[in-house]
Amino acid sequence: MLAAIWGVTLVSFFLIRLIPVDPVEAYFAINNLPVTEEAIEEIREEQGLNKPLLFQYGLWLMNAVQLDFGQSFLTKTPVAEELLSRFSVTLGLAAAAFFIVIAISGIIGIWSVVKQGGLVDRFTRALVFATASMPSFWLGFVLVYVVSLKWGILPLMGWGTIEQSVLPAFTLALGYIPYYIRLIRTSMLEEIEKPHIAFARARGVKESIIIRRHVLKGILPALFTSLAMTCGGLLGGAAIIEAVFAIPGVGRYLVESMAARDYAVLQGFILIIGTLYVIFNFLADLLCAIVDPRARLKRGDI
Amino acid sequence: MKNWFTLILVLLVGVLAACSNTEKEQGNSNSETTGSDVLTMSWAKDIGSGNPHVYAENEMFAQAMLYDPLVTYGKNGKIEPALATSWETSEDGKTYTFKLRENVLYSDGTTLTAENVKRNFDAVLENSAAHSWLEAVAIIDHVEAVDELTVKVQLKEAYYPFLQELTLIRPLRMLADSAFLEDGTKNGIKAPVGTGPWVLTDYKKDSHAEFSRNENYWGEKPKLKKVIVKVIPDSQARTMALQNGDIDLIFGSGQLAPIEYQTLAQSGQYETKISDPLSTRILAINSTYGATKDKNVRLALQHALDRKTIIEHVLNDLEKEAQSLFAPGYPYSDISLDPYQYDTDKSIELLEKAGWKLEPGNEFRTKNGETLTLVMPYNSNEQVDKAIAEYIQGAWRELGIDVQLIGEEWQLMIARAKKGEFNLIANDTWGVPYDPHMYIRTMAGEQQIGYYAQKGIPTSDQLTDNISKVIRSTNEEERRKLYENILQTIHEEAIFMPISYRTNYLAANKRVQNLSFSMQQYEVPLNTYEVK
């Protein structure tokens, strides 16, 4: 796990420096100011951007280990502080979306399996097909238009209250719901085909117990792995949603920092996101091992 | 199974119920913030920390609300008093002496003094690398506080637009002593304390900022009590917020695309307004690169540009046709030049003359086996630039010109422009109070778009010589002649294609009154706005 995080630091540091245009040039370009090469060089020197890359990397890594991600070139404020305040917003949004994904796709997915071939199942399949082929930001606008502008039920934008979070979280979740309904449906159907289910049925175990104790438990490992990946995806996907709903989250900040080539911010962000990804996957493995003894054997001790 | 369902259902219903319950409270708090004397507007970005002496992340309109310059830019370029009530220029144009206004109060209660003004100048000079583009800073030798209310600025050389550049929104505006950090202002300030008409009273980064009227303002006080700025990055979301009544005002072409403006204007439900010309939207032609080295090709392009169609279809008639680099009314810019008319026959004739022939069976013109290809990079995030570029590509294909569009991120496009790897590129003049001297001056600076435009013409040396002369000249008549000469050369060599004069526009709720625009593109004249 530590090796993976170290890899992330390498990627976040060196990959960013492969992008053409450095922060000093970018600073003047976004301000549309015609500056001379000497002035740019002078500021580069002041910022330590002309030191050897490995030296810069070492310095950054040493500070990053102590959770000091340096200073934003643009705002001169500590990156850790800036990222933290915005991360809390984005994490809130992602978490809300995460629970909506689980709740809705769980209910619909299970229902469509239990009443397979029924009205709900057929309706669900049509719905899944339709929503999966719509971009979520567009759907977000439609939702805002109808729910906020026409009906006036929920606020248009902003962040901080529960009602302000309903629409953005739902919009963000929408993109993943069809995927999970399908995942739950197909893996449950697969599980049902398995001999131990047939055996349980033969023993006369109640259908609801079969579904709960055996089928659902059987699909959990696959679900956990997928959900771990989704956590990262939700954080990334939040950027567009944040712009549409004017939410002061990390995604928007990142887009602005990218335009300004604000190295310290970008590095800090990639490192944090990468680390979260690694942790989520680790947690997923851990959960798999708890629910499925076979995984424990295969992987040895965790 | 069943209890799972019920649990989740109860949760969902609970959340929905909570929403509808709090809905009423939300409505109440809304009407409170949008009450009389309070205007709520959107802005695409956060306003920044409010440091008057640095650039991005600070938004200029906010800096202009908080801070005052020594002098301001009036109608037709007349310099008018602000924090300085009078000023004198020495015979050689190198010494400027300012008499400061008495009893000007900062929002922290301290008084504006000559010492404080000097401190502001010194803070800017200390960060000179960042301000190297601005001659008014680079040219300052030192600043002296002569007495309590007299400031003397000593320049290294004469520089006639010095006063004009003092009117800029940044970096030469005045911050209170209490807000300075130990190392000046280049690494931030303690708090935004200025003498401006507004005081920042509440601020949440990336969310909103609240400005209250400065009750001690030395000039005419704003009519509004408060201005709330909500950060809404997405333009459609802004439009919806206006329709919903969440905001009262969307100001500026940066916030409203032409088509969105038109939709709002046509609905008749909003107050909409277009400003006078601000700056010029131009296409610069590179005289050092490929086919456009040839003057005849450049002339052919001038005659091939159909401004009317672009203005009607891309700009939705929001901008007026431009025939000169600077709009009439700019200082030194009222000279008569014979504009290039849209005339494709003439264009074809010129291309033929330059040796670019259309061989039968070919789509594009060729010369010695080479195709007439023009490289045109554009900023892929700028919808208007993109549409103009695409229109030109299509229209000029009929003339046998192959326009190669390169849509890329702004930073990459700038990097390409700096290397001079383009034939055509969108560029704007600077507008009030910079022009004409600022745009002209960049033409002499290496790596600039204007530099590549002029570098390849035969009279390039003479042109750059005139440019460096004109900004140093202390003689009005001489300046007039030099500018005339410069603008003449630019026109004759056909290195810039003016398309239209950029404008600002706004859309507001009907309850907002006395809407107007400032001379400066990046200033919102909120002082005069009122709400019913």
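Here is a short report on the structure shown in this document. Bear in mind the structure is a predicted one, so any value in this text is a computation, not a measurement. (Residues numbered from 1 in each chain as written. Chains lettered and ligands numbered in written order. Predicted model: local features only at pLDDT ≥ 70, side-chain atom pairs only at ≥ 80, totals over all residues. Heavy atoms only, no water.)

**Comments concerning the interface of chain B and chain A**
By a widespread convention, an interface's size corresponds to the accessible area lost as its parts come together. Each partner contributes to the interface: chain B provides 46 residues, whereas chain A provides 52 residues. Interface of chain B and chain A: buried area, both sides summed, is about 4400 Å²; carbon and sulfur atoms make up 62% of it. Across the contact surface, chain B and chain A share five salt bridges. Note that Lys205(B) is salt-bridged to Glu82(A), the shortest N-O span being 3.1 Å. For the interface between chain B and chain A, the tally reads 11 residue pairs in polar contact (both at pLDDT 80 or more). Elements represented by at least two residues in the side of chain B that touches chain A include exactly helix H1 (2–33), helix H6 (235–244) and helix H12 (410–419) of chain B. Residues belonging to the side of chain B that touches chain A are distributed by class as follows: 22 nonpolar, 13 polar and 11 charged. (Contact = heavy atoms within 4.5 Å. Buried area = accessible area lost by both parts, 1.4 Å probe. Salt bridge = Lys/Arg side-chain N within 4 Å of Asp/Glu carboxyl O. Polar contact = N/O pair within 3.5 Å; in protein donor to acceptor, adjacent residues only side chain to side chain. Helix = DSSP H or I, 4+ residues; strand = E, 2+ residues; numbered from the N terminus. Nonpolar A, V, L, I, M, F, W, Y, C, P; charged D, E, K, R; others polar.)

**A short note on the packing of aromatic side chains**
Summed over the entire model, instances satisfying the criterion amount to 28 aromatic pairs over all chains. Ring geometry for Tyr57(A) and Trp60(A): centres 6.3 Å apart, planes at 45°, overall tilted. Of this pair, Tyr57(A) and Trp60(A) both sit in helix H4 (residues 53–65), separated by three residues, roughly a single helical turn. Seen in terms of ring centroids, Tyr55(B) and Trp133(B) are 6.1 Å apart; in terms of plane orientation they differ by 65°. Their pairing is edge-to-face. Here Tyr55(B), found in the loop between strand S1 (38–43) and helix H2 (60–66), pairs with Trp133(B), found in the loop between helix H3 (114–126) and helix H4 (135–138); they are 78 residues apart in sequence, far enough to count as distant. (Phe/Tyr/Trp six-rings, centres within 6.5 Å; stacked < 30°, edge-to-face > 60°.)

**Comments concerning H12(B)**
Every buried residue belonging to H12(B) is among Gln411(B), Met413(B), Ile414(B), Ala415(B), Ala417(B) and Lys418(B), and all of these are buried. Taken from the residues just after H12(B), Gly420(B) is the one with a positive phi, measuring 75°. (Buried < 20%, exposed > 50% of the residue type's maximum accessible area, 1.4 Å probe, protein only.)

**Topic: the environment of Asn316(B)**
Residue and element names in this part refer to chain B. Structurally, Asn-316 is set in the loop between helix H9 (307–314) and strand S14 (320–321). Judged by its relative accessible area of 10%, Asn-316 falls in the buried class. Every residue in contact with Asn-316, bar those within four places of it in the chain, is listed here: Pro-258, Ile-259, Gln-262 and Ile-311. Here the side chain of Asn-316 touches Gln-262 through a polar contact of 2.6 Å, side chain to side chain.

**A word on the pairing of strand S5 (residues 95–100) of chain B**
All names here are of chain B. Pairing of strand S4 (residues 84–89) with S5, which is carried by five bridges, proceeds in the antiparallel orientation. The partner of Glu-88 across the bridge, within S5, is Thr-97. Pairing between S5 and strand S7 (residues 150–155): five bridges, direction antiparallel. Following the sheet pairing, Thr-97 is matched in S7 by Lys-152. (Pairing = 2+ DSSP bridges.)

**Observations regarding the sheet that holds S7(B)**
Residue and element names in this part refer to chain B. Taken in spatial order, the four strands make up an open sheet running S4-S5-S7-S6, and their pairing is antiparallel. Looking at strand neighbours, the two that pair on one side only are S4 and strand S6 (140–147), the edges of this open sheet. Across the sheet, the axes of successive neighbouring strands diverge by a mean angle of 20°, strand direction being ignored. Set on the sheet, H3 makes contact with S5, S6 and S7; between it and S6 the angle comes to about 165°. (Axes fitted to C-alpha atoms, helices over the stretch in contact; angles between N-to-C directions.)

**Focus: the sheet that holds S14(B)**
All names here are of chain B. Strand order in this open sheet of four strands is S14-S20-S13-S19, and the pairing throughout is antiparallel. Edge positions in the sheet fall to S14 and strand S19 (424–428), since each of these pairs with one other strand and no more. Where strand S13 (residues 279–285) meets strand S20 (residues 496–502), six bridges bridge the pair, whose relative direction is antiparallel. Residue pairing for S20: Arg-281 is matched across the bridge by Ser-500. Sitting on the sheet, H9 is in contact with S14 and S20, with an inclination near 35° to S20.

Just distances and angles here, no functional claims.
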